[in-house]
Amino acid sequence: MEIGKIVKSKQGRDKGKVYVVYEIVDNDFVKLVNGDTRKIDNPKKKRVKHLDVVDESPNFDKQTFKDSDIK
């Protein structure tokens, strides 16, 4: 898993929602944002095994992106 990948949740209350990987916590967890319900200042922590990668191209710069860009 890399920062900037677009992923889709396959487990939990947010099943089917699309996120951008914002931060890698460790081998099992990542922090996700979507610019709408999960903003950069409050990312969602989720297990990697509960995510499907939708887009492989990580074109995301954590320092310059804003919620409106992710949305």
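Residues numbered from 1 in each chain as written. Predicted model: local features only at pLDDT ≥ 70, side-chain atom pairs only at ≥ 80, totals over all residues. Heavy atoms only, no water.

Peer 1: Mind showing me how you'd approach the pattern of salt bridges here?
Peer 2: Proximity of charged atoms lets side chains of opposite charge pair with each other. The final tally for this structure, using the stated rule, is 2 salt bridges. The residue Lys 10 makes a salt bridge to Asp 52 at a minimum N-O spacing of 3.5 Å. Here Lys 10, found in the loop between strand 1 (6–9) and strand 2 (18–24), pairs with Asp 52, found in strand 5 (residues 51–55); they are 42 residues apart in sequence, far enough to count as distant. A salt bridge links Lys 46 to Asp 14; the shortest N-O distance between them is 3.0 Å. Placement of the pair is Lys 46 in strand 4 (residues 44–47) and Asp 14 in the loop between strand 1 and strand 2, with a sequence separation of 32 residues. As far as burial versus exposure is concerned, Lys 46 and Asp 14 are alike and both buried. (Salt bridge = Lys/Arg side-chain N within 4 Å of Asp/Glu carboxyl O. Helix = DSSP H or I, 4+ residues; strand = E, 2+ residues; numbered from the N terminus. Buried < 20%, exposed > 50% of the residue type's maximum accessible area, 1.4 Å probe, protein only.)

Peer 1: Can you help me understand the environment of His 50 in this one?
Peer 2: Tracing the backbone shows His 50 in the loop between strand 4 and strand 5. A residue is classified by how much of its surface remains accessible, and His 50, at 24% relative accessible area, is partly exposed. Residues His 50 and Lys 15, spaced 35 residues apart in sequence, show a C-alpha to C-alpha distance of 9.1 Å. Aside from chain neighbours lying at most four places away, what touches His 50 is Lys 8, Ser 9, Lys 10 and Gln 11. (Contact = heavy atoms within 4.5 Å.)

Peer 1: What is the right way to read the nonpolar core from this model?
Peer 2: A general feature of soluble globular proteins is that nonpolar side chains tend to end up buried together. Ranked by size, the top nonpolar core spans 6 residues in total: Val 7, Tyr 19, Val 21, Val 30, Leu 32 and Leu 51. When contributions to this core are tallied by element, the ones reaching two or more residues are strand 2 and strand 3 (29–33). Those residues within four positions of Leu 32 in sequence are excluded, and the remaining contacts are Val 7, Tyr 19, Val 20, Val 21, Tyr 22, Arg 38, Pro 43, Lys 44, Lys 46 and Leu 51. Among the nonpolar cores identified, the runner-up in size contains 5 residues, and Val 20, Tyr 22, Ile 40 and Ile 70 belong to it. (Core = buried A, V, L, I, M, F, W, Y, C linked by side-chain atoms within 4.5 Å.)

Peer 1: What's the story with the packing of aromatic side chains in this structure? I'm lost.
Peer 2: Any pair of aromatic rings gets described here by the distance separating the centres and the angle formed by the planes. What the rule picks out here adds up to 0 aromatic pairs. Across the ring face of Phe 29, the terminal group of Lys 45 is positioned such that the distance to the ring centre comes to 4.8 Å. (Phe/Tyr/Trp six-rings, centres within 6.5 Å; stacked < 30°, edge-to-face > 60°. Lys NZ or Arg CZ within 6 Å of the ring centre and 35° of its normal.)

Peer 1: What exactly am I supposed to notice about the sheet that holds strand 3 here?
Peer 2: Taken in spatial order, the 5 strands line up as 4-3-2-1-5 in an open sheet, and their pairing is antiparallel. At either end of the open sheet lies a strand with only one pairing partner, and these are strand 4 and strand 5. Mean inter-strand twist for the sheet, computed between neighbouring axes without regard to direction, equals 50°. Pairing of strand 1 with strand 2, which is carried by 3 bridges, proceeds in the antiparallel orientation. Looking across to strand 2, one finds that Lys 8 is bridged to Val 18. (Pairing = 2+ DSSP bridges. Axes fitted to C-alpha atoms, helices over the stretch in contact; angles between N-to-C directions.)

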